[in-house]
Amino acid sequence: MDIPSPPVREEAVQAAVRAALTAYRRAAFARPLTRLEFLRQQGSFLRKRWWALQAGVLALLWQLLNMAGSPYEMARSMGTLVPLFVVLVLPELWRNRTAGALEIECTTRHSLRAVYAARMVLFGGADLLLLTLFCSAALATGRVTLRDLVIHFLLPFLVTACICLRTLACRGEYAPWAALPLALLWTAGWVGIVLHQELYLRAALPVWLVLLALAAAYLCWTVSKLQTTCETFWEVSPSWH
């Protein structure tokens, strides 16, 4: 004989929820996380294999620079591999969107803006370390000049970063997946410019510096755009609706 369960009292349920929230807030705010602790916490969630792959891309580029027989081969090598170095950041940045975890992250104590900011700081710091070691070694050994690094390395790096972060900032469900084909198109176009000797030689250093400044300014705006729109990504998630 089944024993009927007692009826659920809505007042009791709401009282239990309020008590749980009060206990959570008391425990959470008794010792708030510092910024360094928050970064360390977010860093433990990141898969470090992407940093290893980025280091592998730079190691491959180093080998190609050693084998380059002309400045154009060197420029082509950097123009081809630098976008790949940037694209490897994307899987970890958009993992919450591809895994459908945005709704869960929206209910946590820390906002999506803080989570995305922490991820970009962590990847930015790791990439800065890798690029500093690579560029310092390349300059010290005479493999490339500072001008080569600015034009053939830094410029495609910034443009690819603009493409990736701009697509990531779009609210469409499949918008981030456009980053890879767009980066490939940009890589093909950039290599075509580098290999077009007449066009390449016509562009003086000030032209490259202006393009570099424009790319840097657009990247700053894109990062700001991502921070502004990241908390609205969940609104177009089909799992939420």
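Residues numbered from 1 in each chain as written. Predicted model: local features only at pLDDT ≥ 70, side-chain atom pairs only at ≥ 80, totals over all residues. Heavy atoms only, no water.

Q: Even after reading the chapter, I still don't get helix 3 (residues 49-67), so can you show me in this structure?
A: Every α-helix winds through 3.6 residues per turn, so residues three or four apart in the chain are directed the same way. End to end, helix 3 covers 27 Å across 19 residues, agreeing with the expected 27 Å (1.5 Å per residue, within 8%). When helix 3 is considered as a whole, its buried residues turn out to be W50, W51, Q54, V57, L58, L61 and L65. The arc enclosing the buried residues of helix 3, seen along the axis, measures out at 110°, which places them on a common side. Seen from the open side of helix 3, the exposed residues pointing more than 90 degrees away from its buried face are A52 and M67. (Helix = DSSP H or I, 4+ residues; strand = E, 2+ residues; numbered from the N terminus. Expected span 1.5 Å × (residues − 1). Buried < 20%, exposed > 50% of the residue type's maximum accessible area, 1.4 Å probe, protein only. Arc of directions from axis to C-beta.)

Q: Got a minute to help me understand the nonpolar core in this structure?
A: In globular proteins that are soluble, nonpolar side chains generally tend to be buried together. Ranked by size, the top nonpolar core spans 56 residues in total, and within it M78, F85 and F153 carry the most contacts. Broken down by secondary-structure element, the contributors of at least two residues to this core are helix 3, helix 4 (71-87), helix 5 (90-93), helix 8 (112-140), helix 9 (146-168), helix 10 (179-195) and helix 12 (205-229). Of all the elements, helix 9 adds the most residues to this core, at 14 residues. Beyond its immediate chain neighbours, meaning those up to four positions away, F153 contacts L58, L61, M78, V82, L131, F134 and D148. (Core = buried A, V, L, I, M, F, W, Y, C linked by side-chain atoms within 4.5 Å. Contact = heavy atoms within 4.5 Å.)

Q: For this particular structure, what's the right way to read helix 2 (residues 35-45)?
A: For helix 2, the complete set of buried residues consists of F38, Q42 and G43. For helix 2, the angular spread of the buried residues around the axis is 135°, confining them to a single face. In helix 2, the exposed positions that point more than 90 degrees away from the buried face belong to L36, R40 and S44.

Q: Please explain the packing of helix 9 against helix 10 as it appears in this structure.
A: For any two helices packed against each other, the geometry comes down to the angle between their axes and how far apart the axes lie. Where helix 9 contacts helix 10, the axes come no closer than 9 Å and their chain directions differ by 155°. One finds that helix 9 runs roughly antiparallel with respect to helix 10. Classified by chirality, the crossing of helix 10 by helix 9 is right-handed. Counting all contacts with helix 9, which are made through I151, H152, L155, P156, V159, T160, I163, C164 and T167, the residues of helix 10 involved are A179, L182, A183, W186, W190 and V194. Among the residues forming the contact of helix 9 with helix 10, the class breakdown is 12 nonpolar, three polar and no charged. (Axes fitted to C-alpha atoms, helices over the stretch in contact; angles between N-to-C directions. Parallel < 35°, antiparallel > 145°, perpendicular 65-115°, else oblique. Left-handed = near helix turned anticlockwise from the far one by under 90°. Nonpolar A, V, L, I, M, F, W, Y, C, P; charged D, E, K, R; others polar.)

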